[in-house]
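Survey of secondary and tertiary structure
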Amino acid sequence: MRTKYILLTILSSLVFASCNYLDFDETNNLKTKEDMYKYFGTSKSMLTHVYSYMPQGYQLFATSGGIFTEDRYSMRDCASDDGEFGAYADNIQNTNNGNWSPIKTYDDSWTLYRGIRAANSFIAEIAQVDFTRYEHDGQYTNWMKQLKYFPYEARVLRAHYFFELARRYGDIAMPLEVLTEEEANTIGKTPFSEVISFIVSECDDAANNLPDSYVNEPGAEIGRVTKGFAMAVKSKALLYAASKLHNPSMDTELWKKSAKAAIDIINTGLYSLDPQESANNLDSKEVVLMRINGDDSDFEMFNLPLRMTAGTRTSSLIPYSNYPSQNLVDAFETVNGYKVTLENTGWVCEDPAFDPQSPYENRDKRFYRAILANGMSFKDYTIETFKGGADDGIVSQGGSPTGYFLRKYIQEATSFEPGKEAVSKHHWVIYRYAETLLTYAESMVNAFNDVNYTDETYKYSALWAINEVRKNADMPLIPSMGKDEFMERLYNEWRVEFAFEDHRFWDVRRWKIADTTQRELYGVKIEKQADGTFNFYKNLYETRNWRDCMYLYPIPQSELYKNTNLNPQNTGW
């Protein structure tokens, strides 16, 4: 309990940290640094502090490094064609309406540099700790078992934070030791390719020294960095390095490196696809790492249809919800593998079993994990988004701007009913095995231009990998086809498999297709007729502004003022 208290105090104190993004006292003067590393418990709490900066797709689950941001209600998917955030004045809207700028930033994640500084400090200090005076303590052996992993956990976390910054900005400052204020204000940028090389090197070393899991380790703790996550960070970094945004010539050697990193994870045999939902499922064999969060009901309060929240969402915050788009709904096939689209004339689908009066029935089961649509039953309610229905209305009164509500990450057991209130845990998936398979599929076809290619190193084909993911979703396998058609199917598979799991925003950027995907956001308008039938209309909800400079984030102007060596600003900003 003492350790937890110290850690929580440290986290809350960071709100008042120094204005320089790399300059603050890790202990915030609660104890001296020497005191913090004198005892095993407080040393471990400092590692937990490094973990606290782990970014996740929805900030209400937990704060990032103890700091709430203006964007804490919105999910990044609503800055893509997969969704819309209801509050029209929220920061996220700047990414959609053209007002994004170095002054009007969104998700700048500069606080990750505090996490990096904390990691740098921890790595340096933990190398010098000496607990031999406790060798006769009954806990000493267990402490030493844990201690041997600590520096590798911190190094992988630091590598992960560097990756998160690099995929936002490209070239980034990459401090590898604790800097003075003067050093922090003069450090220059490291090229993206060198950042990736460093991440790969760190993850390789850590993967050779971390356990497969902590089941047989002291405390059997979950949510800690493992060998698999070190390999996953490497794989993700190499995927981005190979993707068109950073590899405009589509150099096949980069794609081979990405494929190799992915098949290395496959070959461990540590993970398998889970036919059940992975979100919030701590027992899932598919999950490589989750960020563990506490009991909370805010995610449901802000994302359930308003009538299910029993008046707990205050009037000023009624629009602060994340809504799936018709663009996303159209990505989900029927269970028989047929494409479904809503056109101006109504639903279009070649599946003989498709019923245009019940367009949300018999769809890919992943649809039901991501989206609540008209006619669905949920929490003893029937969703009614048709005109005049119980969930219809303008956004400021709780209606959906797109005609859909979010299902992903909603805990159905959460209740706001007076006298029956219930909260739930919301654990954010940082990485799961399906990502390895789709990474492998994408890397293989780009490396070898053949969906069926295999050899002694790459024993599985791109076609096999995508079909493993589809098979897990009970979807028909796709046949052999040419590269261009395969890539179209693969892009869609990424989209439906990871809907509202913080992928689409990044994927359209690394693929460099955002100029065609990010301009129009659609919803559905539904009218119920006197005979009980429905008319469905495709509705252009929002025309969005896209500029190619948005493939990377702008460096915050406030940071350029502090440190001119962060120039040049990213192109176009």
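Once a new chain begins, its residue numbering starts again from 1 and follows that chain's sequence as written. Only residues with pLDDT of 70 or above have their local features reported here, since the model is predicted, and side-chain atom pairs are shown and tallied only from 80 upward, although totals for entire chains, interfaces and linings are computed over all residues. Derived side-chain values reflect all non-hydrogen atoms in the structure, with water molecules and hydrogen atoms excluded from consideration.

As for the confidence of the model for the chain
Convention followed: The predictor attaches a confidence to each residue, called pLDDT, with possible values from 0 through 100. Working rule for contacts: check all heavy atoms of both residues, and any pair within 4.5 Å makes them a contact.
On average, residues of the chain score 92 in pLDDT, and 92% of them are at 70 or above. The model gives residues 1–24 a pLDDT under 50, and that stretch makes 60 contacts with residues more than four places away or in other chains. For the stretch residues 62–68, pLDDT sits under 50, and the model shows 21 contacts to residues farther than four places along the chain or on other chains.

Quick notes on the pattern of salt bridges
Heads up, the rule is: The salt bridge criterion pairs a side-chain nitrogen of Lys or Arg with a carboxyl oxygen of Asp or Glu, the two atoms within 4 Å. Where helices and strands are cited, they refer to DSSP runs of H or I of at least four residues and of E of at least two residues respectively, numbered from the N terminus. Working definition: with a 1.4 Å probe on protein chains only, accessible area under 20% of the residue-type maximum means buried, over 50% means exposed, and in between means partly exposed.
All chains considered together, the criterion is met by 40 salt bridges. As a salt-bridge pair, Glu202 and Arg158 come within 2.9 Å of each other at their nearest N and O atoms. Remark: Arg158 occurs in helix 7 (residues 150–169) and Glu202 occurs in helix 9 (residues 192–207); sequence separation between them is 44 residues. Just as Glu202 is buried, Arg158 falls in that class too. Where Glu253 meets Lys256, a salt bridge forms, and the shortest distance between an N and an O atom there is 3.2 Å. Separated by 3 residues within a single helix, Glu253 and Lys256 lie in helix 11 (residues 252–268), roughly one turn from each other. Its relative accessible area of 25% is what places Lys256 among the partly exposed residues. Overlapping salt bridges, with partners in common, bring together Glu286, Glu333, Asp364, Arg366, Lys408, Arg432, Arg470, Arg489, Glu493, Glu497 and Glu501 in one network.

Thoughts on the packing of helix 3 (residues 40–51) against helix 5 (residues 112–126)
The description of two helices packed together rests on the angle between their axes and the distance between the axes. Put simply, the rule reads: Axes, fitted as lines to C-alpha atoms, cover a helix only where it is in contact. Angles between the N-to-C directions of the axes lie from 0 to 180 degrees. The cut-offs work like this: below 35 degrees is roughly parallel, past 145 is roughly antiparallel, 65 to 115 is roughly perpendicular, and the gaps in between are oblique. Crossings are assigned a handedness: left-handed for a near helix turned anticlockwise from the far helix by less than a right angle, right-handed for a clockwise turn. Ten residues, namely Ala, Val, Leu, Ile, Met, Phe, Trp, Tyr, Cys and Pro, are considered nonpolar, four, namely Asp, Glu, Lys and Arg, are considered charged, and the remaining ones, Gly among them, are considered polar.
Following both chains from N to C, one finds helix 3 and helix 5 inclined at 150°, their axes separated by 9 Å at the closest point. Comparing their axes, helix 5 and helix 3 come out roughly antiparallel. Taken as a pair, helix 3 and helix 5 cross one another with a handedness that is left-handed. Note on element contacts: helix 5 touches helix 3 through Gly115, Ala118, Ala119, Phe122 and Ile126, opposite Ser43, Met46, Leu47, His49 and Val50. The class makeup of the residues in the contact of helix 3 with helix 5 is 7 nonpolar, 3 polar and no charged.

Describing the UniProt feature "domain: RagB/SusD" (unreviewed entry) in the chain
The cut-off we apply is this: UniProt positions are given in the numbering used here, feature names are shortened, and annotations may be inferred rather than shown by experiment.
The sites that UniProt annotates as "domain: RagB/SusD" (unreviewed entry) are residues 323–573. Split by type, residues 323–573 is 27% helix and 18% strand. Its first and last C-alpha atoms lie 29 Å apart.

Let's talk about helix 10 (residues 227–242)
Rules: Given the number of residues in a helix, its expected span is that number minus one, multiplied by 1.5 Å.
Helix length check: helix 10 (16 residues) gives 23 Å between terminal C-alpha atoms against 22 Å at 1.5 Å per residue, within 8%. Where burial is concerned, most of helix 10 is hidden: 15 out of the 16 residues are buried.

Describing the pairing of strand 2 (residues 287–291)
For clarity, the threshold we go by: What makes two strands pair is DSSP finding at least two bridges between them.
Counting buried positions over the 5 residues of strand 2 gives 5, a clear majority of the element. Pairing between strand 2 and strand 12 (residues 428–432): 4 bridges, direction antiparallel. By the bridge assignment for strand 12, Met290 is matched with Val429.

Concerning the packing of aromatic side chains
This is how the line gets drawn: Side-chain rings of Phe, Tyr and Trp (the six-membered ring for Trp) are treated as a pair once their centres are within 6.5 Å; stacked means planes under 30 degrees apart, edge-to-face means over 60, and tilted covers the remaining angles.
For the coordinates displayed, the defined rule picks out 40 aromatic pairs. Ring centres of Trp110 and Tyr169 lie 5.1 Å apart, and the angle between their planes is 85°; this geometry places the pair in the edge-to-face category. Of this pair, Trp110 sits in the loop between helix 4 (94–97) and helix 5 while Tyr169 is found in helix 7, placing the two residues 59 residues apart along the sequence. A relative accessible area of 8% means that Trp110 is categorised as buried. Judged by centre distance (5.9 Å) and plane angle (90°), the ring pair of Tyr149 and Tyr214 falls under edge-to-face. One end of the pair, Tyr149, is in the loop between helix 6 (140–147) and helix 7; the other, Tyr214, is in the loop between helix 9 and helix 10, with 65 residues separating them in the sequence. Accessibility assignment for this pair places Tyr149 and Tyr214 in one class, buried. Linked through ring pairs, Phe332, Trp347, Phe354, Tyr360, Phe367, Tyr368, Phe386, Tyr404, Phe534 and Phe536 together constitute an aromatic cluster.

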